[in-house]
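# Descriptive structure summary
Here are the chains, one letter per residue:
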Amino acid sequence: MPRRPDITLNQLRGFVAVARHGSVTGAANALSVPQPAVSRLVKRLESLAATPLLIRSGHGVALTTAGQHFLENAEQVLHFHDRALDELQSLRETLVGEVRLAAPDSVGAVIFAPLVKQFRELHRNAAVRTIAAHSSNIPSMLDTNAADLGIVADTHPRPAGNVEALFTEELYLVGPADAPETRHPTIPLSDVARLPLILNALPGGFRSVTDKAFASSGLTPDVVMEIDTNGPLIDLVEAGEGFAILPFSVVCRRSSTLAASRIVEPVMARTLSLAVARNRPVSTVWREAARLVRLVVRAESRHARWIIKP
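The following paragraphs examine the structure supplied in this document. (Residues numbered from 1 in each chain as written. Predicted model: local features only at pLDDT ≥ 70, side-chain atom pairs only at ≥ 80, totals over all residues. Heavy atoms only, no water.)

Another aspect to go through is empty space enclosed by the protein. Inspection of the entire model under this criterion finds 1 cavity of 30 Å³ or more. If you add up the space inside the largest cavity, you get close to 30 Å³. Taken together, L199, N200, F206, R207, T210 and I245 make up the full set of residues lining the largest cavity. Residue assignment for the lining of the largest cavity shows that the elements contributing at least two residues are β8 (196-200) and α8 (205-216). (1 Å grid on protein atoms, 1.4 Å probe; cavity = no way out; pocket = protein on both sides within 12 Å on 5 of 7 lines; lining within 4 Å. Points joined across faces, edges and corners; volume = space filled by probe spheres on them. Helix = DSSP H or I, 4+ residues; strand = E, 2+ residues; numbered from the N terminus.)

Look at the link from E265 to P266: it is a cis peptide, with omega at 5°. Of note, the phi angle at A50 is positive, near 60°, even though the residue is not glycine. Tracing the backbone shows A50 in the loop between α3 (35-49) and β1 (54-57). Even without a glycine there, the phi angle at R305 is positive, about 60°.

Quick look at the packing of aromatic side chains now. Applying the stated criterion to the full structure yields 3 aromatic pairs. Between the aromatic rings of Y172 and F248, the centroid separation amounts to 5.4 Å while the plane-to-plane angle is 50°, which identifies the pairing as tilted. Taken together, the residues Y172 in strand β6 (residues 163-176) and F248 in helix α10 (residues 248-251) connect sequence positions 76 residues apart. When sorted by exposure, Y172 lands in the same class as F248, which is buried. Over the aromatic face of F248 sits the side chain of R305, whose NZ or CZ is 3.6 Å from the ring centroid. (Phe/Tyr/Trp six-rings, centres within 6.5 Å; stacked < 30°, edge-to-face > 60°. Buried < 20%, exposed > 50% of the residue type's maximum accessible area, 1.4 Å probe, protein only. Lys NZ or Arg CZ within 6 Å of the ring centre and 35° of its normal.)

Function-wise, these values are silent; they only describe arrangement.
Put into structure tokens, the structure is as follows:
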């Protein structure tokens, strides 16, 4: 009986990535390989299967009936392959591999440096790759396997993988260090509404918390500017152009130039959780990274004024 040529794991990974992302370009970006290489892997796989697996068009790709059936089997093969390697690794004393962690800027600015430092000190042959992203993008990054772990906010759709609450992040009125409006520990939202505000323009995230609080309180804020990114926004606050509404973690490292008062009546907050990418075996490296994330978050919570979930 003639021996059939074997399908390689790279071919399976290429096909699964294309199927998940709906395009060769999206798959190439997720796998960090050139687009022509992904196309060659999938075409070779189709040649070995002797049947089309994808329908190609100018708008991307779709699965044929054969491709839909094959996708489930391909994912199972990759799942058991990764689990087998993970079980072997768990028998060794040294962790090997990489885990990709995505987090909002407000969280990453606080935890990324100590997390990477601790992980490297404990595991010289493994690494955490940190990704600072807008909070609205992180659930889709997990669902498309562009990240392995993510810190997600309850102000956005929940990702498909497992989610574990980490902490609550309250919002503060942020102003120049010498501003009388931020001299007290707290400030009512009604007083905040009368101040010139520079707000983050991106929908969702803590902006959605801010808008909901003003609307439910029947208040109209005095918004003088809206900016997409926190860096220039904070620069304008330091220059005295207005006040911002931000998590304290965004400004905790600028205590010499900025001051913050916790907003009350009502308190404004969102919950941040640790989420795992869907349809992927949770490796030993992932579990260790998640353990250290919890420890670092707890260690930095007082500095960032996070309320830790019990």
